[in-house]
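Single-letter residue listing:
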Amino acid sequence: MQATVNALDVVNTISGNSGSGITLKSSPMNLINACFLDSNTAYGVSAFVNCNGTSIEGNTVTNNGLGAYYLMHASGIIVDE
């Protein structure tokens, strides 16, 4: 049986946002792949609560105001950069 990615399959340039480039909240089974996350005011990616099965891989995350990732209150995320 093959797993299904439900919420987010992004391949994009995400830059210059007043918060994080991508924010997930209680959103399981996401794939964030091959994104260029640059110069966002907060983080490249922020995630909160249950994000089980989410994979963050192969992205370029640079020059974000508070750092690359905020995952402290999230669970179930795999980061492989």
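Along each chain, the written sequence defines residue order, and numbers are assigned to residues from 1. Selection of residues for local features in this predicted model requires a pLDDT of at least 70, selection of side-chain atom pairs for listing and counting requires 80 or more, and totals for whole chains, interfaces and linings are taken over all residues. In computing side-chain properties, one takes all heavy atoms of the structure into account and sets aside hydrogens as well as water.

### Digging into the pairing of strand 3 (residues 22–25)
Link 1 in the chain: Relative accessibility under 20% of the residue-type maximum defines a buried residue, over 50% an exposed one, and the middle range a partly exposed one, all with a 1.4 Å probe and only protein chains included. Going along the chain from the N terminus, every DSSP run of H or I of four or more residues is numbered as a helix, and every run of E of two or more is numbered as a strand. Of the two faces of strand 3, only one is covered, namely that formed by Ile22 and Leu24; the face formed by Thr23 and Lys25 stays uncovered.
Link 2 in the chain: Strands pair, by our definition, only if DSSP identifies at least two bridges between them. As judged from the four bridges shared by strand 3 and strand 6 (residues 43–57), these two strands associate in the parallel manner. By the bridge assignment, Leu24 is partnered in strand 6 with Ala47.

### What to know about the packing of aromatic side chains
Link 1 in the chain: Aromatic pairing here means that ring centres of Phe, Tyr or Trp (its six-membered ring) are within 6.5 Å. Orientation follows from the plane angle: under 30 degrees is stacked, over 60 is edge-to-face, and everything else is tilted. Applying the stated criterion across every chain yields a total of two aromatic pairs.
Link 2 in the chain: The interplanar angle of 45° and the centroid separation of 5.4 Å between the aromatic rings of Tyr43 and Tyr70 together place this pair among those described as tilted. Placement of Tyr43 in strand 6 and of Tyr70 in strand 8 (residues 67–70) is noted, with a sequence separation of 27 residues between them.
Link 3 in the chain: Residue classification places Tyr43 among the buried positions, given a relative accessible area of 17%.
Link 4 in the chain: Judged by relative accessible area, Tyr70 falls into the partly exposed class, the value being 22%.
Link 5 in the chain: Between Phe48 and Tyr70, the ring centres sit 5.7 Å apart and the planes meet at 45°, which makes this aromatic pair tilted. Linking Phe48 in strand 6 with Tyr70 in strand 8, this pair joins segments that are 22 residues apart in sequence.
Link 6 in the chain: Overall, Phe48 belongs to the partly exposed group, its relative accessible area being 29%.
Link 7 in the chain: Through a chain of ring-to-ring contacts, three or more aromatic side chains come together here, namely Tyr43, Phe48 and Tyr70.

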